[in-house]
Amino acid sequence: MNSSQRINITKASSHSAISEGKLTRWLLSTVALSFLILFLLLPLFTVFAEALRNGWQTYGKALSDADGLAAIKLTVIASAIAVPLNLIFGVAAAWSIAKFEFRGKVLLSTLIDLPFSVSPVVTGLIFVLMFGASGWAAPLLNNTDIQILFALPGIVLVSIFVTFPFIARELIPLMQEQGSDEEQAALSLGANGWQTFWHVTLPNIRWGLLYGVLLCNARAMGEFGAVSVVSGHIRGETNTLPLHVEILYNEYNFAAAFAMASILACLALVTLAIKAVLEKTHGLKH
Amino acid sequence: MKFKTNSPLPGFAPALFYTVLYLALIVVIPLSGLFFKTAELGLAQFWDLISGERVTHALTISFTTALAAAIINAVFGLIIAWVFVRYDFTGKGLFDAIIDLPFALPTAVAGIALSTLYSGSGWLGSLFNKIGIEIAFTPLGIVIALTFIGLPFVVRSVEPVLRELEKELEEAAASLGANRWQTLYHVVFPTLLPALLSGFALAFARGVGEYGSVIFIAGNVPYVSEVAPLLIVIKLEEYDYAGATAVAAAMLLISFVLLILINALQAWSQRYKSSSQNVSTTPVQEHLA
Amino acid sequence: MKAPLRTRLLTSLLVPFLLASLLSATTAYAKDYSLLNVSYDPTRELYQEFNAEFSRYWKEKTGDHIAIKQSHGGSGKQARSVIDGLSADVVTLALAYDIDVIAQKTGKLPANWQSQLASNSAPYTSTIVLLVRKNNPKKIHDWPDLIKADISVVTPNPKTSGGARWNYLAAYAFAKHAYGSDAAAEEFISTLFKRVSVLDTGARAATTTFAQRGIGDVLITWENEAYLALNEFGADKFEIVLPSLSIKAEPPVAVVAANAQKHGVAAIAQAYLEYLYSPAGQTIIAKHYFRPAKPELITSTEIPHLAELNLVNIDQEFGGWAQVQAKHFNDGGVFDQLYRPRR
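Residues numbered from 1 in each chain as written. Chains lettered and ligands numbered in written order. Predicted model: local features only at pLDDT ≥ 70, side-chain atom pairs only at ≥ 80, totals over all residues. Heavy atoms only, no water.

Draft legend 1. Region of the structure containing the overall build of chain A. For chain A, the helix and strand inventory stands at 14 helices and zero strands. Taking 19 Å as the expected radius of gyration for a compact globule of 286 residues, we find that chain A reaches 24 Å, considerably beyond that expectation. The C-alpha extent of chain A, read off along each of the three principal axes, is 75 × 60 × 30 Å. Evaluated residue by residue, chain A yields a buried proportion of 59% over its 286 residues. Taken as a whole, chain A presents about 11,500 Å² of accessible surface, with 63% of it coming from carbon and sulfur. The distance from the centre of the 17 positive side-chain charges to the centre of the 17 negative ones in chain A is 11 Å. (Helix = DSSP H or I, 4+ residues; strand = E, 2+ residues; numbered from the N terminus. Rg over C-alpha atoms; globule rule 2.2 N^0.38 Å. Buried < 20%, exposed > 50% of the residue type's maximum accessible area, 1.4 Å probe, protein only. Areas by Shrake-Rupley, 256 points an atom, 1.4 Å probe, with all protein chains shown as cover. Lys, Arg positive; Asp, Glu negative; His and termini not counted. Charge placed at Lys NZ, Arg CZ, Asp CG, Glu CD.)

In structure tokens form, the structure reads like this:
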């Protein structure tokens, strides 16, 4: 079939059996876009509209509040620890699962997905059960000065848990698709394992890796339920950005709550923008 | 049978060792703590704790609202995926990027934005109030929040399958005399179904456990709009560790079943896809014979 | 492209550890003390001002810098956090029972903690009032008006909120006095909770529901919380209705001795709580619409005047918190039996 014939078919059938009629197309597009506007764009717009309701000055003041800055700092530190740890794990997991055949592989990859189906609140709960006063790991910590719950380590732990599968999930299908021919070629040419990984595997997966890191980071910075259970809500100390949003909201300080929320919304937008660019320039598809 | 098939690639042992160690430390050991705690309760007490009226109501509310939201998402997610794969329009790239917003936007932010939007004095809430519908602080509000959270799961599951679906298949159906609805019903829909179901299940599973966005927009009234995760938090706040653990374990068990279901669906989806590609005309001929 | 990626990876690994070590370095300054006050919902504004005043006072007195951190939430929830290891140096909660539980479960403060400070360790008291919309459109003047069929009530959940437990007891005490028996009081409470449209987990969330989200005809709440709502949202939106009978709520304070000693701030924690009883502390307390334990110390004339109310006392009326908690609020207690919301 040459191209002109195909065009003819497409044209001739555009209102019959191969595609929908013009009205149906219009209707479907309208439904789809209205749904997106109503459910996604409007809430996003609300965040910024409410944040700026009392003008830029209030907005600036809200952002420079000391407790707010402390919340931002804590959020950044927590995900700066959680994300790299999950990155190393994600690469190791993807390497073993995608490049090798072994028994128990299905079980392993199911277990990696497990945190996806655990409610954030339950995540918080399991660490409270572990490190709380009557927790089974509490005796180990009793005589030390190490504080896990209601401190940075607890927040980092739950952040790691909720974002656990993100990077591995992104890398496994990617590495499976690429097979191991290139690595084998590099090895046969005399490269050692690390060289092969750095110079062959990593360049192949770097965009998927980046996207996984971005998603992981967005979720780690935005986690609410799990962090809420283990945080202790100490102002200026263990309040992450999402928790600070809730606190401000509960203090009738709506403009400030939405100002803080707008930082997180911007983070989300940046994540989406980078992802869109990656897809466009590197043909990355989830 | 050997544990591992031979491979020339190095690094299997350390990579697997690290993977399993990290998995055990972060996920398996803490999670099993929950089950040991539940086991301590004994079956009778466990059943007692989760069969209380308030708990069953909370679980029912969580699962029904998540189900409703997942159904809404299945319908509209399918339409959205269809429109984005098949049609061209201005601003498509922008809208396409925005579909993933719920993945990237923190749930608490979504929660305060949605509850502001849908409360009686909000832009949308005031419109609905005029026709006598209250959304914020009712179970309907929970459905709205869960719809927001779950949308991308469906769209992103269906999209790749739809993109790979060859137009030739539809053309063949059409050339054999099928009208558009027959083609959609007999050819397109069966191919999409596994992906749609798996997106549906993912959205559902996520919705059941959702907390951050829900607590702002739900009225949190026991028996009416109190979801299971909130009940866990409330039980924790009442020093009722046994109760919290039991509800959490019940939720987890149900979620595990869902997870297994999702994996099965995905496997089914894979098989279906490859078989339909290999013998691409058979389904059509079968249906039209 | 390979080298920069590697560098970036390395940087991303190193940065958190550098940041973490920086963080631990900053906490090592001498003569810089930090005190954690774990408190309940409606005291946010009070302690914000009081903490600043105490820091100033302490610096003047000793030259040391003291930074006071705050954590707020539903009283029951806050107690739970302290039991689980939130290292509070002082707790300032909504009711004595919550501090009793901390003492029992952790042993970090003595069982007789309540006798360690003046006035039952309650430097301020408060009471429960009703907040209605401007001009009182539903004509709500006292407790019986709340159970009328067309009234929608907002109150938090007694299981998690200390304030809500006081709300419940105030209504109960009224009904028992007005109708003469526990059975009648239970029926009144049962009907009252049928009128509840939203049951938030904390007093502050309930106020938000009523004031900001516009739900309900009446909010049962702390007196100070009601005044705060007037100030925050404008006196043209709401009115305070004083019921014919209410309860004297005593939110107590205590030093969590074991934590404070561990952090080396036992003396400061004690001074902090004692300062609540000073003229300066009592004035700030009065300014935030709490009822000071020692009003005679206040010289300022610019404090709000709170009306005299007919108040019952928890010990005389209900036999103390331990009994109340066991009878009314524990699982399967009176509240659980009565509470069946409208379907």
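Draft legend 2. Here's a closer look at the interface of chain A and chain C. Chain A puts 33 residues into the contact, and the matching count from chain C is 35 residues. Carbon and sulfur atoms supply 64% of the area that chain A and chain C bury against each other, a total of about 3,000 Å² over both sides. Its largest share of buried area at the contact with chain C, chain A owes to A:Phe150, A:Trp198 and A:Tyr252, together 21% of the area lost on that side. Viewed at the interface, chain C and chain A are joined by one salt bridge. In this structure, C:Lys69 and A:Glu237 form a salt bridge, with 3.7 Å as the shortest nitrogen-oxygen distance. Secondary structure elements with two or more residues in the side of chain A that touches chain C: helix 4 (66-99), helix 6 (120-131), helix 11 (193-222) and helix 13 (241-250) of chain A. In terms of residues, the side of chain A that touches chain C owes the most to one element, helix 4 of chain A, which gives seven residues. Counted by class, the side of chain A that touches chain C contains 20 nonpolar, seven polar and six charged residues. (Contact = heavy atoms within 4.5 Å. Buried area = accessible area lost by both parts, 1.4 Å probe. Salt bridge = Lys/Arg side-chain N within 4 Å of Asp/Glu carboxyl O. Nonpolar A, V, L, I, M, F, W, Y, C, P; charged D, E, K, R; others polar.)

Draft legend 3. Quick look at the pairing of strand 7 (residues 218-222) of chain C. Residue and element names in this part refer to chain C. Along strand 7, five of the five residues are buried, which leaves the element largely enclosed by surrounding structure. Direction of pairing for strand 5 (residues 153-154) relative to strand 7: parallel, over a ladder of two bridges. Directly across from Val153, in strand 7, lies its bridge partner Val218. (Pairing = 2+ DSSP bridges.)

Draft legend 4. Inspection of the interface of chain B and chain A at higher detail. Contacts between chain B and chain A engage 97 residues on the former and 94 residues on the latter. Interface area for chain B against chain A, summed over the two sides, is near 8,400 Å², with a carbon-plus-sulfur share of 78%. For the chain B face of the interface with chain A, the top three residues by lost area are B:Leu9, B:Tyr22 and B:Tyr87, together amounting to 8%. On inspection of chain B and its partner chain A, the count reaches one salt bridge. For A:Lys275, the salt bridge identified is with B:Asp100, shortest N-O distance 2.3 Å. Tallying contributions element by element places helix 1 (residues 12-41) of chain B first for the side of chain B that touches chain A, with 16 residues.

Draft legend 5. Local environment of the sheet that holds strand 1 (residues 32-40) of chain C. All names here are of chain C. The four strands are arranged 2-1-3-10 in an open sheet whose pairing can be described as mixed. The open sheet has two edge strands, strand 2 (65-73) and strand 10 (253-255), and neither has a second partner. Sheet twist, expressed as the mean angle between neighbouring strand axes with direction ignored, is 20°. Of the pairings in the sheet, the one linking strand 3 (residues 90-92) to strand 10 comprises three bridges and is antiparallel in character. Residue pairing for strand 10: Val91 is matched across the bridge by Ala254. (Axes fitted to C-alpha atoms, helices over the stretch in contact; angles between N-to-C directions.)

Draft legend 6. Local environment of a nonpolar patch on the surface. On the surface, A:Trp136, B:Phe17, B:Leu21, B:Leu25 and B:Ile29 cluster together to form a nonpolar patch covering roughly 520 Å² of accessible area. In this structure, B:Ile29 sits in helix 1. Take B:Ile29: its relative accessible area is 34%, and that puts it in the partly exposed class. (Patch = residues over 30% accessible without salt bridge, like charges linked within 9 Å, V, L, I, M, F, W, Y side chains within 5 Å.)

Draft legend 7. Broad picture of the domain arrangement of chain A. All names here are of chain A. In terms of domains, chain A is made up of domain 1 (1-51) and domain 2 (55-282). Here the C-alpha centre of domain 2 lies 35 Å away from the C-alpha centre of domain 1. At the junction of the two partners, domain 1 supplies six residues and domain 2 supplies nine residues. Together, Val47, Phe48 and Ala51 form the three largest contributors to the area buried by domain 1 at its contact with domain 2, with a combined 69%. At the junction of domain 1 with domain 2, the criterion picks out zero residue pairs in polar contact (both at pLDDT 80 or more). Within the side of domain 1 that touches domain 2, the residues separate by chemical class into four nonpolar, one polar and one charged. (Domains from an automatic or database assignment. Polar contact = N/O pair within 3.5 Å; in protein donor to acceptor, adjacent residues only side chain to side chain.)

Draft legend 8. Examining the pairing of strand 4 (residues 124-133) of chain C more closely. All names here are of chain C. Among the 10 residues that make up strand 4, nine are buried, leaving the element largely enclosed by the rest of the structure. The pairing of strand 4 with strand 11 (residues 291-292) spans two bridges and is classified as antiparallel. The residue bridging Thr125 from the neighbouring strand is Arg291, located in strand 11. Note: strand 4 against strand 9 (residues 246-249), two bridges, orientation antiparallel.

Draft legend 9. Summary view of helix 12 (residues 228-237) of chain B. Across the 10 residues of helix 12 of chain B, 10 count as buried, placing the element largely inside the fold. Directly after helix 12 of chain B, the chain includes B:Tyr239, whose backbone phi takes a positive value near 65°.

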